[in-house]
Amino acid sequence: MRNFNRKYNELRKINIIKDFNEFSDGSCLISFGRTKVLCNATIESSVPAWLKGQNKGWVTAEYSMLPGSTNVRNQRESQLGKRSGRSIEIERLIGRSLRSITNLEKIPGIQIILDCDVLQADGGTRTTSINGAFIALSLAIKKGIKNKIICKNPIKQKIAAISCGLVKKRFLLDLDFKEDQNTIADANFILSERKEIIEIQLSGEKRPLSKSEFETMFDLAEKGITQIIDLQTKLIHDS
């Protein structure tokens, strides 16, 4: 039995509070079950030095897990004096994913920074961060257009992410921490609203997956992502 009596193909309960931070250009507090991530988007009238003169903008991300986000306190990376490899890998994933659906030529000279801070972790922090970051980005762009900082909407299509895993003999959608710790194989899927593949991170933890097993997992993820994009669409449209 899964936590909260979920079916194998059922997402965790999703809760999204948009405009959670009044000082951000776009923000939301997003929860997938017990995983909670605060996502903020900031528009800056500057780009990285290596982009200057190219008539393009940039979208980038930062990711961190707050000290009280897990049952054992995380030490702040600023106190350790270095970033963890995990944090760097996840924030690069978030940035890559959002740039893939953004026309950077429509925001010349502008950089949008997405901060994803995990308040509470129970599995799926990177996928939850991507889902929330897309909402924060979309809200920031709407505000930028309203304030005439951005001329045209650079978002080409929506994006969402979800995890799947093979636990014992069953494929499960949207893994929580306990399920993630017991997978035979698991994957993070990032897809566009057209069901185009942006990125798939798959690991055969205890054995390799066959092609048919992968296809089963992909189909499960595709259905979950459709539901997430429907929620994103309604929330952004109503803002």
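Look up a bit, the structure's there.
The text that follows walks through the structure, step by step, so that each part is easy to find.

1. Notes on the pairing of strand β3 (residues 35–44)
At step 1: Of all ten residues making up β3, seven are buried, and the element is well covered by its neighbours.
At step 2: Bridge analysis of strand β2 (residues 26–32) against β3 gives seven bridges, and the strand direction is antiparallel. Note that in β3 the partner of C28 across the bridge is C39.
At step 3: Turn length for the β2-β3 hairpin, with the two strands adjacent in sequence and antiparallel, is two residues, and the turn residue G33 shows positive phi of about 60°.

2. Observations concerning the side chain of S27
At step 1: Structurally, the position occupied by S27 is in strand β2.
At step 2: At 3.0 Å, the side chain of S27 forms a polar contact with the backbone nitrogen of F20.
At step 3: A polar contact is formed between the side chain of S27 and the backbone nitrogen of N21, at a distance of 2.8 Å.

3. So, the side chain of R126
At step 1: Positionally, R126 belongs in helix α3 (residues 125–146).
At step 2: Look at R126 and you get buried, because its relative accessible area is 18%.
At step 3: A distance of 3.1 Å separates a polar atom in the side chain of R126 from a polar atom in the side chain of Q201.
At step 4: When near neighbours in sequence (up to four residues on either side) are disregarded, R126 contacts R86, E89, I90, L93, N188 and Q201.

4. Notes on the environment of R2
At step 1: Note on placement: R2 falls in the segment before β1 (14–18).
At step 2: Along the backbone, R2 and F23 are 21 residues apart, and their C-alpha atoms lie at a distance of 38 Å.
At step 3: What R2 contacts, discounting residues up to four positions off in sequence, is K7, Y8, E10, L172, L173, D174, L175 and E179.
At step 4: One polar contact links the side chain of R2 to the main-chain carbonyl oxygen of L173, over a distance of 2.8 Å.

Criteria and cut-off values
- Residues numbered from 1 in each chain as written.
- Predicted model: local features only at pLDDT ≥ 70, side-chain atom pairs only at ≥ 80, totals over all residues.
- Heavy atoms only, no water.
- Buried < 20%, exposed > 50% of the residue type's maximum accessible area, 1.4 Å probe, protein only.
- Helix = DSSP H or I, 4+ residues; strand = E, 2+ residues; numbered from the N terminus.
- Pairing = 2+ DSSP bridges.
- Polar contact = N/O pair within 3.5 Å; in protein donor to acceptor, adjacent residues only side chain to side chain.
- Contact = heavy atoms within 4.5 Å.

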